[in-house]
Amino acid sequence: MTDLLADLLNHLEVKRIDTYLFTGSSPERPRRIFGGQVLAQSLNAANRSIGNDRVAHSMHAHFLRPGNPAKQIVFEVDPTRDGRSFATRRVVAKQDGKPIFITSVSYQEIEEGLNHEAPMPEVEPPEGLQNDFDFWTEMAAKHPDRYDPPFSQAVERKVINRRDYTSPKPEDPISHTWFRVPGDIGDDPNRHQTLIAFISDFALLGAALFPHPYTAASKKIQAASLDHAIWFHRPGRADDYLLYSMDSPNAGGGRGFSRGQFFSRDGRLIASTAQESLIRLRPSSP
């Protein structure tokens, strides 16, 4: 495991201070906490309050306030229900005593059942594609007034149909990106779910801007995640390439709606996501 990945996991795998109480910290960032971070931390806390005979199958969350990366986050887990085959946990993430994020996570005992899954799209393999960290490092060097340097190399991201960020044109709202965390992270399913949850907030908002001449970095756009859902269908490994296929069927009222699917390299549907985001046009300056 690389030092960068170990540092990321040190933040995502929260510290237990009581049975249902955890604390977490953030990687250094210039402005606010990345939504995928608090999403992953909350799932990690909830997972650690459940026995090994049950796995998370769905997570529904709301982003309430911007998080301050310089401050500690407190995660309060409510053991809402433990049924015969299903269980529910509610997590509230707080800073300065105020909720910045809430989520409910549902768990199920592992069982067999009917099975079908969507086919994986035919896309270019990850080998030969540019690493996103290199791309954004170059963009930040060329346009320091518009783009911040990427904050982590722990996640490898390779975009298949990258937009022109300097002069974006309207395109079909479909996006495909390969993700993985380089290095062996073991077989703990909680760790893999935590990292997939972290990755799930990358680029999902951007899909809702594809039909418009803007990106999330455009100065005319105020963008933020509002809510987020993830369904875990099958076990998946975050240390092997996962294809994240995203689309956006709707935008309106200052909000965009995006959907995503994670596929393993061999074509299994691992997880599905959905997100509504704020994509508000800023008022023009007088």
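- In the annotation of an unreviewed UniProt entry, the entry for the protein reads Acyl-CoA thioesterase II, and the organism field reads Congregibacter brevis.
- Within the UniProt record for the protein, the comment given under Sequence similarities (unreviewed entry) is "Belongs to the C/M/P thioester hydrolase family."

Some remarks on the pairing of strand β12 (residues 269-281)
Two faces belong to every sheet, and in a regular strand the side chains alternate between them.
Thinking step 1. Judged by how many residues are buried, β12 sits mostly within the fold: 10 of 13 residues are covered.
Thinking step 2. Pairing between strand β9 (residues 221-232) and β12: 11 bridges, direction antiparallel. Bridged to Ile230 within β12 is Thr273.
Thinking step 3. In this sheet, β12 lies alongside strand β11 (residues 255-264) in antiparallel orientation, the contact comprising nine bridges. Each residue of the ladder has a partner; that of Arg255, found in β12, is Leu278.
Thinking step 4. Hairpin connection, β11 to β12: the antiparallel pair is bridged by four residues, and Gly267 has positive phi, about 95°.

Re the pairing of strand β8 (residues 174-180)
Thinking step 1. For β8, the buried fraction is high: five of the seven residues fall into the buried class.
Thinking step 2. Relative to strand β10 (residues 242-252), β8 is paired through six bridges, and the arrangement is antiparallel. Paired with Trp178 across the bridge in β10 is Leu243.

Definitions and cut-offs
Residues numbered from 1 in each chain as written. Predicted model: local features only at pLDDT ≥ 70, side-chain atom pairs only at ≥ 80, totals over all residues. Heavy atoms only, no water. UniProt positions renumbered as here; feature names shortened; annotations may be inferred. Buried < 20%, exposed > 50% of the residue type's maximum accessible area, 1.4 Å probe, protein only. Helix = DSSP H or I, 4+ residues; strand = E, 2+ residues; numbered from the N terminus. Pairing = 2+ DSSP bridges.

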